[in-house]
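# Analysis of the macromolecular model
The primary structure of each chain is shown beneath.
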Amino acid sequence: MDSLYRPQGVEERWQRTWEEERLYHADPEAPGETFVIAVPPPNVTGALHMGHALNGSIQDALVRWHRMRGFNTLWQPGFDHAGIATQAVVEKELRRNGISRLELGREKFVERVWEWLHEYGGVIMRQFRRLGCSLDYERERFTMDDGYVRAVMRFFVHLYERGWMYRDNRIINWCSDCRTSISDLEVEYLDVDDALTYARYPLVDGSGSITIATVRPATILADVAVAVHPDDERYRDFVGKQVVVPVVGRHVPVIADERVEMEFGTGALKITPGHDPTDFEIGRDHGLAELTVIGFDGRMTGDIPELLLGLTEEEASDYVVEWLKKEGLLEKRESYRHSVGHCERSGTRIQPLVSLQWWCEMGPMAAAAIEAIESGRTTFHPPVQNKVALEWLRSIRPWNVSRQLWWGHQLPIWYCADGHVTCAEDEPAACAECGSGELTRDTDVLDTWFSSALWPFATLGWPDDTPELRRWYPGHVNSTAREIIFLWEARMLMSGLELMGDIPFEDVIIHTTILAPDGRRMSKSLGTGIDPLEIIEQHGADATRYGLLKMSSGQDVRWSNGPVEEGRRLANKLWNASRLLLMAGGEEVEARPRELEERWILARIDATRAEVEADLAAFDFSHAVDRLYHVTFDDFCDWYLESIKPRLEDADTRATAFAALERLLKLLHPVLPHVTEEIWSNLPGRESRLIVAPWPEPDARFAADAGALARVQEAAERFRRSAVLTPLEGDEKRIFDAVVRPERVKANGNVDAERDRLRGEIERAEKMLANERFVAKAPPEVVDAEREKLERFRRELDALG
């Protein structure tokens, strides 16, 4: 072994070796209980960011742990075709060359997308390799694969035949930059400063006026009513009367509706069903017209004054405000800060528009998913996320599945000249209703999330009855960020229950969000992003994985290099300790403990094994890596190795040390796979790679010695703190002298001062524990920790006589 551990060369070499030896490959015919994770498919255009790196580290730790425990393990990789993102990046490339997609035409454009993907797509899988992720890369899938496309078509037809897929004019989120509708989940709400305009609407009977407040004066042109709350005494006499819409002179009714917020503006709400989601719902319930004055290009259109046609909304709003001033109908304008939806892809302000689209009724599928969560068949972690998922499922609305793109899964819908609809997986020969042979396919594509919902089973060959599907469905774990609960997790759960009759996974880990060091979200555009590949280059993949897992918890955390540097120190310490043993020689690996510290380290490693197993089973990665750090750095290296150094020429001592190291490497492998495999390969008698070596079995032979060094360690702590030597004898004194080497420090500590300090600590702890309010209200772990400190202080005082 080299004198220094250099992770870069080691890590990349082992990644190649593991893949070449097909140690990641999953075989449906192999024996053993299954463990399956279908990695949520990243965008094919994407690159590794910190969330991916954390999620990859979490999943790989679980996969490696289960693989070593003999599970038939599948970690399914692949990509999502990312309709909007991919089309946008290719269109940008075309514009640089002076070409538009309209000039190319749909067929040529799709060919260009495939060319771009073959050259530039899929980068993130290479980056997952650099992190050390043991995905079965041979099984890589893409949501635009032929087989996957067939699955998507089958899903749509299935929902259509169930009567849940329908076409309707409804309000949508329209991005005028991407030129497509987007889902509610792709809308990012940002606080913006606007002007709230108060405008008077005269009563038709001339008896007065009613004042409304709006931040979008241009939409006044599409108003079809004014609504007030039925309990609002101010407007009781207005209900049922007619008012005149400014600029256009339209007569519209004053209606009562409980959805009106009496506290907003004047309490009177202009109703524009064509340009506001709430107004749309109110309009449908009251049978109002759905007028549109803003087009899909974001410019003014429709039945409005000719001089406004083609203006932007902002330009039209300026005109309306000036008109109101001129006509004496402008009451006032005031600053108003509010949350406004923007397209998360383009950053463009969302335009709510009424459009004829395909929709999916989600209620029945949501009900099945709700039951699965409430019954505990699928559990979200931390538990609070169960409530989040359930609240979304209970409030779910029809899903707009149409997207006005060219890249994606084209809807399996055909229309005849009479407008009849035929839904079929393959192009039909004739209209199902009238028999016409002249059919035109719908030009829209399906929402990307529609195909992602099939990921846990379409990747295994559904809709065919494949060996993979029978063997690996349902899966076990899914891990993702909290904002993905609605995008992937809930939809995968619904589609799995509907199509497969069973849940796609048992546990969903909602991992920590890692923020920038200043507490803001990580973002390239904000300049707060941190590239995980740069961290890997600086510290190594193992150290990066360790640091990410150390930061993983139920709470959001600020990025810090500290845990990563701690991981690097741990890898170096482990390397140096292993090198020390290997330089001592020896060909045997067998636990033959004769001395106290040998029984103690075997007991400590086994106790840590049990604790780490419990942590990993509970998805508590932060505590798991912390335990591994201390058993390696403190127990194995600083205490055990230091105490046996004088005896390394003894064959039994070396054999036992190698046996302890072997078990320790197995525990560390899911977190630090590369350095542990490199050390493992240098140990005597290696017959297999560590990645597939069996996980340590419980070994209770030395459990009684797990606390055997407690007095020695307390004596060492006391000596390092105060230079006071505690009287020790026999093995305890031998171990203390070997590890602490007190002869290097003049032991002239003040024993009386140390006794006084301990008495003070004991008095403080006793008072705290005598406080019934503290014991009753403090977290149990805090009270237990205080009791443990009290016992330790008493032991230390007793040791000093």
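See the structure shown above.
The model shown is predicted, which means the values in this text are computed figures rather than measured ones.

## A few points about the nonpolar core
If you look at the biggest cluster of nonpolar residues, it comprises 117 residues, and the most contacted ones within it are Trp-559, Phe-636 and Tyr-640. Examining the composition of this core, we find that 13 residues originate from one element, helix 20 (residues 621-644), more than from any other. Discounting residues that sit within four places of it in the chain, Trp-559 has contacts with Met-50, Ile-514, Leu-515, Ala-516, Pro-517, Met-522, Ile-530, Ile-535, Leu-548, Met-551 and Val-564. Formed by 63 residues, the second largest nonpolar core is a distinct cluster that contains Val-36, Val-152, Ala-458 and Leu-493.

## Section: the environment of Lys-270
Mapped onto the elements, Lys-270 comes out in strand 12 (residues 268-271). Each C-alpha atom of the pair Lys-270 and Asp-223 lies 6.4 Å from the other, and the pair is 47 residues apart in sequence. Sequence-distant contacts of Lys-270, that is, excluding residues within four places in its chain, are made with Tyr-201, Ile-212, Thr-214, Thr-219, Ile-220, Asp-223, Ala-225 and Asp-279. Here the side chain of Lys-270 touches Thr-219 through a polar contact of 2.9 Å, side chain to side chain. A distance of 2.8 Å separates the side chain of Lys-270 from the side chain of Asp-223, its partner in a polar contact.

## A few points about the pairing of strand 11 (residues 251-256)
Where strand 9 (residues 225-228) lies against strand 11, three bridges are found, and the strand directions are parallel. Paired with Val-228 across the two strands is Ala-256, which belongs to strand 11. Pairing of strand 10 (residues 242-244) with strand 11 involves three bridges; the strand directions are antiparallel. Looking at strand 11, one finds that Val-244 is bridged to His-251. Count of turn residues in the strand 10/strand 11 antiparallel hairpin: six residues, of which Val-247 carries a positive phi of about 75 degrees.

## Observations concerning empty space enclosed by the protein
Overall, the coordinates contain four cavities of 30 Å³ or more when judged by the stated rule. Estimated volume of the largest cavity: approximately 100 Å³. Every residue lining the largest cavity is counted, 17 residues in all, and those nearest its centre are Ala-82, Gly-83, Ile-84, Glu-186 and Thr-448. In terms of lining, the second largest cavity is formed by 14 residues, of which the most central are Val-36, Ala-38, Pro-456, Gly-475 and Pro-504. Among the residues making up the lining of the second largest cavity, the classes are represented as nine nonpolar, five polar and no charged.

## Some points on the side chain of Ser-134
Relative to the helices and strands, Ser-134 resides in the loop between helix 6 (123-131) and strand 4 (141-142). The contact partners of Ser-134, leaving out residues within four places of it in the chain, are Tyr-24, Asp-60, Val-63, Arg-64, Arg-67 and Trp-75.

## Overview of the packing of helix 17 (residues 541-551) against helix 22 (residues 673-682)
Two numbers describe a pair of packed helices, the interaxial angle and the distance between the axes. At a closest axis distance of 7 Å, the pairing of helix 17 and helix 22 adopts a crossing angle of 130 degrees. With respect to each other, helix 17 and helix 22 are oriented oblique. Contacts from Ala-541, Asp-542 and Arg-545 in helix 17 reach Pro-673, His-674 and Val-675 in helix 22. Looking at the contact of helix 17 with helix 22 residue by residue, the class counts come to three nonpolar, one polar and two charged.

## Concerning the packing of helix 6 against helix 16 (residues 532-539)
Following both chains from N to C, one finds helix 6 and helix 16 inclined at 30 degrees, their axes separated by 11 Å at the closest point. The orientation of helix 6 relative to helix 16 falls into the category roughly parallel. Crossing of helix 6 over helix 16 shows left-handed handedness. The segment helix 6 lies against helix 16, with Gln-127, Arg-130 and Leu-131 engaging Leu-533, Ile-536 and Glu-537. Here the contact of helix 6 with helix 16 is built from residues that sort into three nonpolar, one polar and two charged.

## Observations regarding the pattern of salt bridges
One pass over the full model with this rule turns up 78 salt bridges. Across the pair Asp-205 and Lys-241 runs a salt bridge, and its minimum N-O distance is 3.9 Å. Of the two residues, Asp-205 sits in the loop between strand 7 (187-202) and strand 8 (209-214) while Lys-241 sits in the loop between strand 9 and strand 10, which places them 36 residues apart along the sequence. For Lys-241, a relative accessible area of 30% puts it in the partly exposed group. Connected through salt bridges with shared partners, the residues Glu-588, Glu-590, Arg-592, Arg-594, Asp-650 and Asp-652 form a single ionic network.

## Digging into the sheet that holds strand 13 (residues 330-343)
The sheet built from three strands is open, its strands ordered 8-7-13 with antiparallel pairing. At either margin of the open sheet sits one strand with a lone partner, and together these are strand 8 and strand 13. Across the sheet, the axes of successive neighbouring strands diverge by a mean angle of 20 degrees, strand direction being ignored. Pairing of strand 7 with strand 8, which is carried by six bridges, proceeds in the antiparallel orientation. Bridging from a neighbouring strand, Pro-202 pairs with Ser-209 of strand 8. Against the sheet, helix 9 (residues 313-326) contacts strand 7 and strand 13, and its axis sits at roughly 165 degrees relative to strand 13.

## Side note on the sheet that holds strand 22 (residues 477-480)
Pairing is parallel across the open sheet formed by three strands, whose spatial order is 15-23-22. Each edge of the open sheet carries a strand with a single partner, namely strand 15 (379-381) and strand 22. Sheet twist, expressed as the mean angle between neighbouring strand axes with direction ignored, is 20 degrees. Sheet topology places strand 22 next to strand 23 (residues 507-510); four bridges connect them, and they run parallel. Considered in strand 23, the bridge of Asn-478 is made with Val-508.

Procedures and definitions
- Residues numbered from 1 in each chain as written.
- Predicted model: local features only at pLDDT ≥ 70, side-chain atom pairs only at ≥ 80, totals over all residues.
- Heavy atoms only, no water.
- Core = buried A, V, L, I, M, F, W, Y, C linked by side-chain atoms within 4.5 Å.
- Buried < 20%, exposed > 50% of the residue type's maximum accessible area, 1.4 Å probe, protein only.
- Helix = DSSP H or I, 4+ residues; strand = E, 2+ residues; numbered from the N terminus.
- Contact = heavy atoms within 4.5 Å.
- Polar contact = N/O pair within 3.5 Å; in protein donor to acceptor, adjacent residues only side chain to side chain.
- Pairing = 2+ DSSP bridges.
- 1 Å grid on protein atoms, 1.4 Å probe; cavity = no way out; pocket = protein on both sides within 12 Å on 5 of 7 lines; lining within 4 Å.
- Points joined across faces, edges and corners; volume = space filled by probe spheres on them.
- Nonpolar A, V, L, I, M, F, W, Y, C, P; charged D, E, K, R; others polar.
- Axes fitted to C-alpha atoms, helices over the stretch in contact; angles between N-to-C directions.
- Parallel < 35°, antiparallel > 145°, perpendicular 65-115°, else oblique.
- Left-handed = near helix turned anticlockwise from the far one by under 90°.
- Salt bridge = Lys/Arg side-chain N within 4 Å of Asp/Glu carboxyl O.

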